[in-house]
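Single-letter residue listing:
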Amino acid sequence: MWCMKKEGMKESREDYLETILILNKKSPGDVRPVDIAHHLGITKPSVTRAMTELEKDGHIKRNEKGRLLLTESGKEIAENVYEKHQVITKLFSTCANVSEETAESDACKVEHVISEETFQGIKNYLDTMKKSVEG
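What counts, and at which threshold
- Residues numbered from 1 in each chain as written.
- Predicted model: local features only at pLDDT ≥ 70, side-chain atom pairs only at ≥ 80, totals over all residues.
- Heavy atoms only, no water.
- pLDDT = per-residue confidence, 0-100.
- Contact = heavy atoms within 4.5 Å.
- Phe/Tyr/Trp six-rings, centres within 6.5 Å; stacked < 30°, edge-to-face > 60°.
- Lys NZ or Arg CZ within 6 Å of the ring centre and 35° of its normal.
- Core = buried A, V, L, I, M, F, W, Y, C linked by side-chain atoms within 4.5 Å.
- Buried < 20%, exposed > 50% of the residue type's maximum accessible area, 1.4 Å probe, protein only.
- Helix = DSSP H or I, 4+ residues; strand = E, 2+ residues; numbered from the N terminus.
- Expected span 1.5 Å × (residues − 1).
- Axes fitted to C-alpha atoms, helices over the stretch in contact; angles between N-to-C directions.
- Parallel < 35°, antiparallel > 145°, perpendicular 65-115°, else oblique.
- Left-handed = near helix turned anticlockwise from the far one by under 90°.
- Nonpolar A, V, L, I, M, F, W, Y, C, P; charged D, E, K, R; others polar.

A few points about the confidence of the model for the protein chain
Here comes step 1: With 93% of its residues at a pLDDT of at least 70, the protein chain reaches an overall mean of 90.
Here comes step 2: Per-residue pLDDT stays below 50 along residues 5-9; that stretch engages in 7 contacts with residues further than four places along the chain or on separate chains.

Let's talk about the packing of aromatic side chains
Here comes step 1: Under the defined criterion, the tally for this structure stands at 0 aromatic pairs.
Here comes step 2: The ring of Phe119 carries the charged tip of Lys84 above its face, separated from the ring centre by 5.9 Å.

Quick word on the nonpolar core
Here comes step 1: Counting residues in each nonpolar core, the largest one holds 18 residues, and the members touching the most others are Tyr16, Ile20, Ile36, Val47, Met51, Ile60 and Leu70.
Here comes step 2: Those elements giving two or more residues to this core turn out to be helix H1 (9-26), helix H2 (33-40), helix H3 (44-56) and strand E2 (68-70).
Here comes step 3: At 5 residues, the largest contribution of residues to this core is made by H1.
Here comes step 4: Not counting the four nearest positions on each side in its chain, Leu70 is found in contact with Leu17, Ile20, Leu21, His59, Ile60, Lys75 and Ala78.

Considering helix H4 (residues 72-95)
Here comes step 1: Across its 24 residues, H4 extends 34 Å between first and last C-alpha, which sits within 8% of the 34 Å expected from 1.5 Å per residue.
Here comes step 2: Listing the buried residues of H4 in full gives Gly74, Ala78, Val81, Lys84, His85, Val87, Ile88, Thr89, Leu91 and Ser93.
Here comes step 3: Asn97 sits one or two residues past H4 and shows a positive phi near 55°.

Some points on the packing of H4 against helix H5 (residues 100-110)
Here comes step 1: Between H4 and H5, whose axes approach to 8 Å, the crossing angle comes to 135°. On the basis of the axis angle, H4 is oblique to H5. Crossing of H4 against H5: the hand is right-handed. Residues His85, Ile88, Thr89, Phe92 and Ser93 of H4 form the contact with H5, whose participating residues are Glu100, Ala103, Glu104, Asp106, Ala107, Cys108 and Val110.
Here comes step 2: Within the contact of H4 with H5, the residues separate by chemical class into 6 nonpolar, 3 polar and 3 charged.

Dropping the structure here:
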């Protein structure tokens, strides 16, 4: 299971978009609702309902084969959440010295609620830390 949160549609929609982004990197233009269900560990009907809503909101579209693609707005949201996930996971695993599994799980919870100011501060801190190690 990647990051599926049960409470709040905002978080779950972000998780769906992030999952489409990840799966499209592995198999461009060939993401099906069943792939998302498997990735997130949820039912296909849940994914189908969510995809209908995301399509209505203009965040996804379907290609001629019915595969799921991100629109510009969907891609922007997905990339933002994915970046937060990666950076927060790195912070937890390197600075807090927790296991990769725990870092991933906790990043899933934090990525949806962290302020932009705090996120930028973490990115700056990690960049500074990386430069000091390299320098």
